[in-house]
Amino acid sequence: MIPYHLDYDDSVWLPVPEQPTEEWPDELVAHYTRGLGGMSPTLADALRRVAETATAMRTELTDQLLVFCPPHLAPAIGFVGVQVVEDPDTGLDDAVAGDPTGVLLPNVEAVADEYWGEGRRAAIVTESSKPGIQAGRFNYAFRRADSLLVATAIADTIPYATTMLAHSDRLVTSTRLEGE
């Protein structure tokens, strides 16, 4: 991995610890409680399950993993994984469109950023964990010299994914290589 940093709004995003502790689910609940001024036990239990899901999503290939959790949009929740790798060969379209979870062909579009230049974003409809509905995923890819930024934003419903889109666009394009 190539060293980088994210500039994110901590009222909207909460990083998933690399080594989550037993307190991690309560940290997510506390984030919402601060924003909402209180919370029902049912919502608190649901958020603890979200924290457990986030912990299970982390793999050895996961670098930055964040939970989308703006209290004012509760309970709109999603996740974004970001990494920057050295890869001079993978095409941007290939980096975003090759998603085996898609139930339809992805919609790939060019996106531009002042720092990263032209990149790609693919909108992908996937299966939800809830029977009978679809989920949404946005895959991103940008290149700067031999560095390839890849990111995935996912939510368990299409409305949640749509709500998260502008926030995930800003998060992904806030990524900066260290030393620049």
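Details of the structure are given in the entry above.
Report follows, based on the coordinates. (Residues numbered from 1 in each chain as written. Predicted model: local features only at pLDDT ≥ 70, side-chain atom pairs only at ≥ 80, totals over all residues. Heavy atoms only, no water.)

Let's talk about the pairing of strand S5 (residues 107–113)
- Judged from the seven bridges that link them, S5 and strand S6 (residues 117–127) form a sheet pairing that is antiparallel. Among the inter-strand pairings, Val-111 is bridged to a residue of S6, identified as Gly-119.
- Linking two consecutive strands that pair antiparallel, namely S5 and S6, is a turn of three residues. (Pairing = 2+ DSSP bridges. Helix = DSSP H or I, 4+ residues; strand = E, 2+ residues; numbered from the N terminus.)

Observations concerning the nonpolar core
- In terms of nonpolar packing, the biggest core is built from 25 residues, with Trp-13, Val-82, Tyr-140, Phe-142, Leu-149 and Leu-177 touching the most fellow members.
- Apart from the residues lying within four places of it in its own chain, the contact partners of Trp-13 are Tyr-8, Leu-66, Val-67, Phe-68, Cys-69, Val-80, Met-164, His-167, Ser-168 and Leu-171.
- With 17 residues, the next largest nonpolar core counts Trp-24, Leu-28, Val-50 and Ile-154 among its residues. (Core = buried A, V, L, I, M, F, W, Y, C linked by side-chain atoms within 4.5 Å. Buried < 20%, exposed > 50% of the residue type's maximum accessible area, 1.4 Å probe, protein only. Contact = heavy atoms within 4.5 Å.)

Focus: the pairing of S6
- Judged from the nine bridges that link them, S6 and strand S7 (residues 134–144) form a sheet pairing that is antiparallel. Counterpart to Arg-121 in the pairing with S7 is Tyr-140.
- The hairpin turn running from S6 into S7, its antiparallel successor, is six residues long, and Gly-132 in that turn takes a positive phi close to 85 degrees.

Digging into the sheet that holds strand S3 (residues 64–68)
- With antiparallel pairing, the seven strands of this open sheet are ordered in space as S2-S3-S4-S8-S7-S6-S5. Looking along the sheet, the strands with just one partner apiece sit at the ends: strand S2 (13–15) and S5. On average, each strand axis in the sheet is tilted by 25 degrees relative to the strand beside it, whichever way the strands run.
- Here nine bridges tie S7 to strand S8 (residues 147–155), and the two strands are oriented antiparallel to one another. Bridged to Arg-143 within S8 is Leu-148. (Axes fitted to C-alpha atoms, helices over the stretch in contact; angles between N-to-C directions.)

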